[in-house]
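The primary structure of each chain is shown beneath.
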Amino acid sequence: MMWRAWLRPLTWLAVLLLATVGMSWLAPLFHWLQPDTRTVVYNRQDFLYLLWLHVELVFASGLAAALTAMIAGILVTRPGGRDFLPLASQIASIGQTFPPVAVLALSVPALGFGAAPTLVALGLYGLLPVLRNTLVGLDGISPTVLEAAKGMGMSPWQILFRIELPLASRVILAGVRTSVTINIATAAIGSTIGARTLGDPIIAGLINGNTAFVLQGAILIGLLALTTDSLFEAIQRRLDVRRGQSSVV
Amino acid sequence: MRLRGFHRVIPVLAGLALILVWALDFAGVQPNRIVPATGFPLLSAIGGGLSAFYLVGLALLIILPSLPWRMPVVKTIRTVIDVLAILLLAGLPLSLAHFSRLHLSPDQPFARVEVGAGFWCLLFFLLLIMIEVLRDKGTWRRLMTAAVVLVVWFYDVRTGALDALSLIREYHNRSDQFATVLEQHLALSLGSVGVSLVVSFFLAVAMTRRPRWQRPVFALVNFVQTIPSLALFGLLIAPLSYLSAHSTLLRDLGIRGIGWAPAALALVAYSLLPMVRNTFVALTEIPADLLEAGRGMGMSESQLFRQIKWPLALPVIIEGVRVTTIQAIGLTAVAALIGAGGLGTFIFQGLGQAAMDLVLLGALPTIGLALLADLLFSWLARHWRVIPEITS
């Protein structure tokens, strides 16, 4: 029963890795698609290396964003930081209306070209869904539960780690999922500002009119997104199962 | 009694603004479009008088809310803080106009004023202060405040005092192109939202009639939403160029592998998830007791629909339109990469030529459109909420 939850992400991962390593095996197909071109498989960089860079970029920015947003979300829901709660939730909701491409583009005048502005833009943008969901999750806990915990003599730290965060974990995880999904897409566009990602073949293909390159990049990015999404799905399932067993609430 | 609510938030924001506006370059002069600018810190940038206005203003925003005011004075102090925040925000373009008077000489016709990091930080924190100030005010007050600030800004632009500003130079150089690009952007994003609204409505109605369809339809639209935009655009290019190469009809319609066709297809596909979800929820999750009560009053099915179901569903559907429109405005900017036009053309051209003003000319209006759509549809949703709250 246990392993079946992971079957789907593992399958997608296998397909992704197979496609990354074996893209050149499909060369005849791409030749048929692009008959007049000599190079039909993107060869300026190894696909596996680009995949690694893409994942690294999303993971680093996602981790930083999730941690910062959760800490901020926890701080503004403590008695000492409550003054900042309305502002924080306003920032989270207004910020999410900013299109990710525009944020990415604005980071260039501020930070120049390359991986650094992409990382910063992804990190800043990734903060918002996690912050919003952390606030929703922590604020949505019924006061009676907190009262009961206090009545049992739990310290504020215990209440935070044993009651509030576990209860909010599902909502927070959903925020992380949204943030990572957006960032995988935005990192691909990061190719236009000089970050090395799986978007490179697409951009190169669009510039040179090489549909095969575009297709290769698109397939790999799509598979990466599906792998990540199914991974989050599986984690959420596991969390629900554990929740059901322990019946804390 | 202290000023409730914002007695700590505004001083913190104003303090950060004070530090950053002092430490970073306020604005710079660019000899021409591509050469990097020489920056000036606040004092040398806008002179003693205006600097003092901003420094003292921010200092007051730190001090005033922190003092323990007594009851009758509190109201006056709150008004002072409101007015001060509006003055500081509305005066920002004047500071740039003053900067160009001080630092640009008429013998450099190509020189332009570049807005510095200090200015951006000041703008950002003043906007946050504004949000905090307007938090407990009514819609009318908020609209009035926004209108006052925007009218002052617009007036400054109209008088030509800001013509040396790099962004405005860039706009004047391509005002015709800007109109075209804006039109393309609106047509593509709003057109896709419109199409997906119609499709989603029929899908949602079909799903309420045939529950078997729910799972596959939601699985499909979820799947599409997971695929990153650049990848979906890319995946559509190959089949569309194949079709267009083999069908003269499609070619005559202007459908090709790149251009508006794959962009519109992808945008409609992306728009389906938020739209179908909200429309479906709107049509199905109507409190049973309300329908019971309606039937009890002797309403016919069509009366039930017109007087109960539809008014309850409308705000939820509009919320779906809001989310979809914001998303579509952003994705249309990406679609410029596959030749669909729109504001993204400026963004990616600017990135290609390392011309940052062009990037801004594309990116800032894109954000503006998204914010505008957000405001408009949130207002509509609130306006048409017949019953204040649905308790289920």
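A quick note: this is a predicted structure, and the numbers were derived from the prediction, not measured. (Residues numbered from 1 in each chain as written. Chains lettered and ligands numbered in written order. Predicted model: local features only at pLDDT ≥ 70, side-chain atom pairs only at ≥ 80, totals over all residues. Heavy atoms only, no water.)

**Things to note about the confidence of the model for chain B**
Quick reminder of the rule: Scored from 0 to 100, pLDDT records how confident the predictor is in each individual residue. Secondary structure elements are defined from DSSP: runs of H or I of at least 4 residues count as helices, runs of E of at least 2 residues count as strands, and each element is numbered from the N terminus.
When pLDDT is averaged along chain B, the result is 86; 96% of the residues meet or exceed 70. Across chain B, element-level confidence peaks in helix α8 (residues 175-209) of chain B with a mean pLDDT of 93 and bottoms out in helix α11 (residues 248-252) of chain B with 73.

**Focus: the packing of helix α7 (residues 143-151) of chain A against helix α8 (residues 156-189) of chain A**
Residue and element names in this part refer to chain A. Formally: Here, axes are lines fitted to C-alpha atoms. For helices the fit covers the stretch in contact, and angles between N-to-C directions go from 0 to 180 degrees. When an angle is under 35 degrees it counts as roughly parallel; over 145 it counts as roughly antiparallel; between 65 and 115 it counts as roughly perpendicular; any other value is oblique. For any helix crossing, the convention is left-handed if the near helix is rotated counterclockwise from the far helix by under a right angle, and right-handed if that rotation is clockwise. Any two residues whose heavy atoms approach within 4.5 Å at even a single point are treated as in contact. Under the scheme applied, nonpolar residues are Ala, Val, Leu, Ile, Met, Phe, Trp, Tyr, Cys and Pro; charged residues are Asp, Glu, Lys and Arg; polar residues are all the others, including Gly.
Taken N-terminus to C-terminus, the directions of α7 and α8 make an angle of 160°; their axes are 11 Å apart at the nearest point. Taken as axis vectors, α7 and α8 run roughly antiparallel relative to one another. Here the hand of the crossing between α7 and α8 comes out right-handed. Residue-level contacts link V145, L146, A149 and K150 of α7 to I159, I163, E164 and L167 of α8. Of the residues that constitute the contact of α7 with α8, the class distribution is six nonpolar, no polar and two charged.

**Describing the interface of chain A and chain B**
Which entries qualify depends on this criterion: Defined here as a combined quantity, buried area equals the accessible surface (1.4 Å probe) lost by two parts on assembly, summed across both. Any carboxyl oxygen of Asp or Glu that lies within 4 Å of a side-chain nitrogen of Lys or Arg is treated as forming a salt bridge with it.
In this assembly, 41 residues from chain A lie in contact with 42 residues from chain B. Here chain A meets chain B over a buried area of about 3,500 Å², counting both sides, of which 84% is carbon and sulfur. The largest per-residue losses of area from chain A upon contact with chain B belong to A:D83, A:L87 and A:T97, which jointly make up 16% of the total buried on that side. The interface formed by chain A and chain B holds one salt bridge in total.

**Focus on the environment of B:R158**
Positionally, B:R158 belongs in helix α6 (residues 139-158). Along the backbone, B:R158 and B:H185 are 27 residues apart, and their C-alpha atoms lie at a distance of 25 Å.

**Here's the deal with the pattern of salt bridges**
Residues and elements named next belong to chain A. Following the criterion strictly, the structure yields 19 salt bridges over all chains and no others. The salt bridge partner of D200 is R196, with a shortest N-O separation of 2.6 Å. Notably, a salt bridge pairs R237 with E233, separated by 3.6 Å at the nearest N-O pair. Placement of both R237 and E233 in helix α10 (residues 211-246) is noted, with a separation of four residues, approximately one turn of the helix. Sharing partners across several salt bridges, the network here consists of R177, D229, E233 and R237.

**Some details on the sheet that holds strand β3 (residues 112-115) of chain B**
Residue and element names in this part refer to chain B. Note the threshold: Pairing between two strands is assigned when DSSP locates at least 2 bridges connecting them.
One open sheet accounts for three strands, arranged β2-β1-β3; its pairing is antiparallel. In the strand order of this sheet, the two ends are held by β2 (38-41) and β3, each with one partner. Shown here is a sheet whose adjacent strand axes are inclined to one another by a mean of 30°, direction ignored. Pairing between strand β1 (residues 25-30) and β2: four bridges, direction antiparallel. Looking across to β2, one finds that A27 is bridged to F40. Set on the sheet, helix α2 (residues 42-63) makes contact with β1 and β2; between it and β2 the angle comes to about 45°. Where helix α7 (residues 166-173) meets the sheet, its contacts fall on β1 and β3, and the angle it forms with β3 comes to roughly 125°.

**A few points about unusual backbone geometry**
One can expect most non-glycine residues to show negative phi and most peptide bonds to be in trans. Residues and elements named next belong to chain B. This is how the line gets drawn: Using a 1.4 Å probe on the protein chains alone, a residue whose accessible area is under 20% of its type maximum counts as buried, one over 50% counts as exposed, and one in between counts as partly exposed.
Residue A354 is not a glycine yet carries a positive backbone phi of 55°. The topology assignment puts A354 in the loop between α15 (344-353) and α16 (356-383). Accessibility expressed as a relative area gives 38% for A354, which makes it partly exposed.

**Some details on the side chain of A:D229**
Mapped onto the secondary structure, A:D229 falls in helix α10. Excluding residues that lie within four positions of it along the chain, A:D229 makes contacts with A:R177, A:T181 and B:T226.

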